[in-house]
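# Chains, contacts and geometry: an overview
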Amino acid sequence: MFDERHTHTHRENRFAVIPTEEKLGASPRFAGRGVTIAFLDSGFYPHPDFAERVIAFHDVAGEEQTPADTGPRPIHWHGTQTVTACAGGGQLSDGIYKGLASAAKLVLIKVSRNGRIGDDEIKAGLKWVIANREKFDIRIVNMSLGGDMDESTHESRINRLAEKLVEKGVIVTVAAGNAGETHSIPPANAPSVITVGGYTDANKFDSKSFRLYHSNFGETIDGIVKPEIIAPAMFVAAPILPETEEYKAAEALSLLADTPDYAFSTMLDEHFRASGLSNAAFALDTAAIRNLVEQGLKERKIVATHYQHVDGTSFAAPIAASVAAQMMEANPKLSPMAVKHILISTAHRLNGFSAIRQGFGVLNAAEAVSQALRESHALGHNELSPPRATTGGIAFFHHDDEARTVSVAGDFNNWDRFRDQFKKCSDGVWRIEIPALESGEYLYKLVIDGEVWKEDPNNMMKREDGFGGFNSLLRLL
């Protein structure tokens, strides 16, 4: 049920969508205070929902000196909506349609040239972030975009720049893509970024209504499986670009929907042209025209006077970024790898749907923030890395403060869950080094407390286990 705020704001508009905070059951305590988030996108309009918190703007093509200084254009729509899905303050919706990072500072990087985003523009944007991350204290970067071609990290300059950002302490969230294809393109296939797929809740609180979105998924050229998590990709409220014909139509239709019958004819005359209704409407009675107005609201996906609902992993990724911002406010010492580890560890898979399409599962905003608050260790690449060869053998790592025991079981030890036991070290990381193995591929799982079998959250190389989950894959050359 929507509460009284929804009823007041949306009145008779039954197309309203659940605000993100309620959709995710997120903590209202954190809003990304003290955190700077950068966005690489096609363009931006200085929308009232976030304009006052923009601390820097850069256009890699030199086409604009300030956000939308040429006036609102189609290239500004996407970036404006991704920023608002993450960090909008809901100024035009009485605070209802605000992002989870509504207090974050924002850096906007336009990476389009003549309306097109290409590899060169993405690379230029990433280089700018690397050069300016300390100046603006950028902690999170969101990219709801993709490069021109599928390449390995070794070949892709985009992926290498994204990896460099993570190494320098920046969390990077990337949209998986919407084609339902079994691969992702840079930067979504970079190993260390958080690639976000999508799901839909059908605009209901009932988890039985959850379905997977047609996100890209699967094994990358480098052999890792993407995405890591999934977040809302349908029925996400976002602003309509101001000063556009769509904006004027939304205003007109919303006004007509709220106008009582005695004043309806006058209001129709005044706002007819902007509403987009056909001339045939004048031959109808008030009830029939109201049906047309309602149909217009639905077709334009209007959920409030200045907002519509949107879909795509372009919006799932910034929602994940907003949760990361909440986590960073809760615990500023978290490293990018620690944030990724927590998001993965707290996610849960949707039952009855392919595991490979949803990674570790649905974003759990409240538990991710709760675990961030509890995390007392400084964890980086070395502590949260995949298994690696050492001079004496193969080293495995795992972080779980609540585990009593951790072991590894795989085809290299006959899947014996008791044989190779980890030791917990003072830095909070469980470690083990097993004897060296011959070159080849080995499947394994971690076993927690002797009972819970799970894939290695540090290792994105994996194979489906035939039981709806994954075995982790150790590949030795």
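Everything below is about the structure shown above.
Report on the accompanying structure. (Residues numbered from 1 in each chain as written. Predicted model: local features only at pLDDT ≥ 70, side-chain atom pairs only at ≥ 80, totals over all residues. Heavy atoms only, no water.)

## Describing the pairing of strand β5 (residues 171-175)
Counting buried positions along β5 gives five out of five residues, so the element sits mostly inside the fold. Alternating positions in β5 separate into two faces, Ile171, Thr173 and Ala175 on one and Val172 and Val174 on the other, with burial throughout. With four bridges joining them, strand β4 (residues 138-143) and β5 adopt parallel strand pairing. Bridge pairing in β5 places Met143 opposite Val174. (Buried < 20%, exposed > 50% of the residue type's maximum accessible area, 1.4 Å probe, protein only. Helix = DSSP H or I, 4+ residues; strand = E, 2+ residues; numbered from the N terminus. Pairing = 2+ DSSP bridges.)

## Topic: a positive patch on the surface
A cluster of basic side chains, namely Lys127, Arg157, Arg160, Lys164 and Lys168, defines a positive patch on the protein surface. With respect to the helices, strands and loops of the structure, Lys127 is situated in helix α4 (residues 119-136). (Patch = residues over 30% accessible without salt bridge, like charges linked within 9 Å, V, L, I, M, F, W, Y side chains within 5 Å. Areas by Shrake-Rupley, 256 points an atom, 1.4 Å probe, with all protein chains shown as cover. Salt bridge = Lys/Arg side-chain N within 4 Å of Asp/Glu carboxyl O. Lys, Arg positive; Asp, Glu negative; His and termini not counted. Charge placed at Lys NZ, Arg CZ, Asp CG, Glu CD.)

## Describing the pattern of salt bridges
Under the definition given, this model contains 26 salt bridges. Measuring nitrogen to oxygen at the nearest pair gives 3.0 Å for the salt bridge that ties Arg431 to Asp427. Overall, Asp427 belongs to the partly exposed group, its relative accessible area being 24%. The partner of Lys445 in a salt bridge is Asp465, with the nearest N and O atoms 2.7 Å apart. Within this pair, whereas Lys445 is found in strand β20 (residues 440-448), its partner Asp465 is found in the loop between β22 (462-464) and β23 (470-476), the two being separated by 20 residues in sequence. With a relative accessible area of 14%, Lys445 lands in the buried category. Within the structure, one salt-bridge network assembled from shared partners comprises Asp59, Glu63 and Lys110.

## Points about helix α11 (residues 365-374)
Taken residue by residue, α11 has Ala365, Ala368, Val369, Gln371 and Ala372 as its buried positions. The buried residues of α11 occupy one face: seen down the axis, they fall within an arc of 165 degrees. At its buried positions, α11 is contacted by α2 (20-24), α9 (313-330) and α10 (336-346). (Arc of directions from axis to C-beta. Contact = heavy atoms within 4.5 Å.)

## Remarks on the sheet that holds strand β12 (residues 302-304)
Strand order in this open sheet of three strands is β11-β13-β12, and the pairing throughout is antiparallel. Across the chains shown, the open sheet's two edge strands, defined by having one partner strand only, are β11 (236-239) and β12. Taken pair by pair, the neighbouring strands of this sheet meet at an average axis angle of 45 degrees, ignoring direction. (Axes fitted to C-alpha atoms, helices over the stretch in contact; angles between N-to-C directions.)

## What about the packing of aromatic side chains?
Per the stated rule, a full pass over the model turns up nine aromatic pairs. Ring centres 5.9 Å apart and planes at 20 degrees place the aromatic pair Trp128 and Phe136 in the stacked group. The exposure class assigned to Trp128 is buried, which follows from its relative accessible area of 15%. Both rings, one in Phe272 and one in Phe282, keep their centres 4.5 Å apart while their planes meet at 50 degrees; by these two values the pair is tilted. On the criterion of sequence distance, the pair formed by Phe272 in helix α7 (residues 261-275) and Phe282 in the loop between α7 and α8 (286-299) is long-range, its members being ten residues apart. Given the relative accessible area of 13%, Phe272 is considered buried. Of note, Arg349 hangs over the ring of Phe360, and the distance from its end group to the ring centre comes to 5.7 Å. The aromatic ring of Phe470 is capped on one face by Lys462, whose charged end is 4.8 Å from the ring centroid. (Phe/Tyr/Trp six-rings, centres within 6.5 Å; stacked < 30°, edge-to-face > 60°. Lys NZ or Arg CZ within 6 Å of the ring centre and 35° of its normal.)

## Quick notes on the environment of Glu367
Along the chain, Glu367 turns up in helix α11. The exposure class assigned to Glu367 is partly exposed, which follows from its relative accessible area of 29%. As for Glu367 and Ser275, which are separated by 92 residues in sequence, their C-alpha atoms are 44 Å apart. Apart from residues lying up to four places away in sequence, Glu367 is in contact with Thr346 and Arg374.

## Examining the packing of α4 against helix α5 (residues 157-167)
Running from amino to carboxyl end, α4 crosses α5 at an angle of 20 degrees, the nearest separation of the two axes being 9 Å. Between α4 and α5, the angle is such that the two are roughly parallel. As α4 packs across α5, the resulting crossing turns out to be left-handed. Taking contact as the criterion, the partners of Asp119, Ile122, Lys123, Leu126, Lys127, Val129 and Ile130 in α4 are, on α5, Arg157, Ile158, Leu161, Ala162, Lys164 and Leu165. When grouped by side-chain class, the residues that make up the contact of α4 with α5 number eight nonpolar, no polar and five charged. (Parallel < 35°, antiparallel > 145°, perpendicular 65-115°, else oblique. Left-handed = near helix turned anticlockwise from the far one by under 90°. Nonpolar A, V, L, I, M, F, W, Y, C, P; charged D, E, K, R; others polar.)

## Topic: the sheet that holds strand β19 (residues 429-435)
Read across the open sheet, the four strands follow the order β14-β15-β19-β18; overall the sheet is antiparallel. The sheet is open, and its two borders are formed by β14 (388-389) and β18 (423-424), each paired with just one other strand. Summarising the sheet, strand β15 (residues 393-399) and β19 pair through seven bridges and their orientation is antiparallel. Directly across from Ala395, in β19, lies its bridge partner Glu433.

## Quick look at unusual backbone geometry
Residue Pro186 is joined to Pro187 through a cis peptide bond whose omega torsion reads 0 degrees. Lys226 connects to Pro227 through a cis peptide bond whose omega is 0 degrees. Position of Pro227 among the secondary structure elements: in the loop between β9 (225-226) and β10 (229-232).

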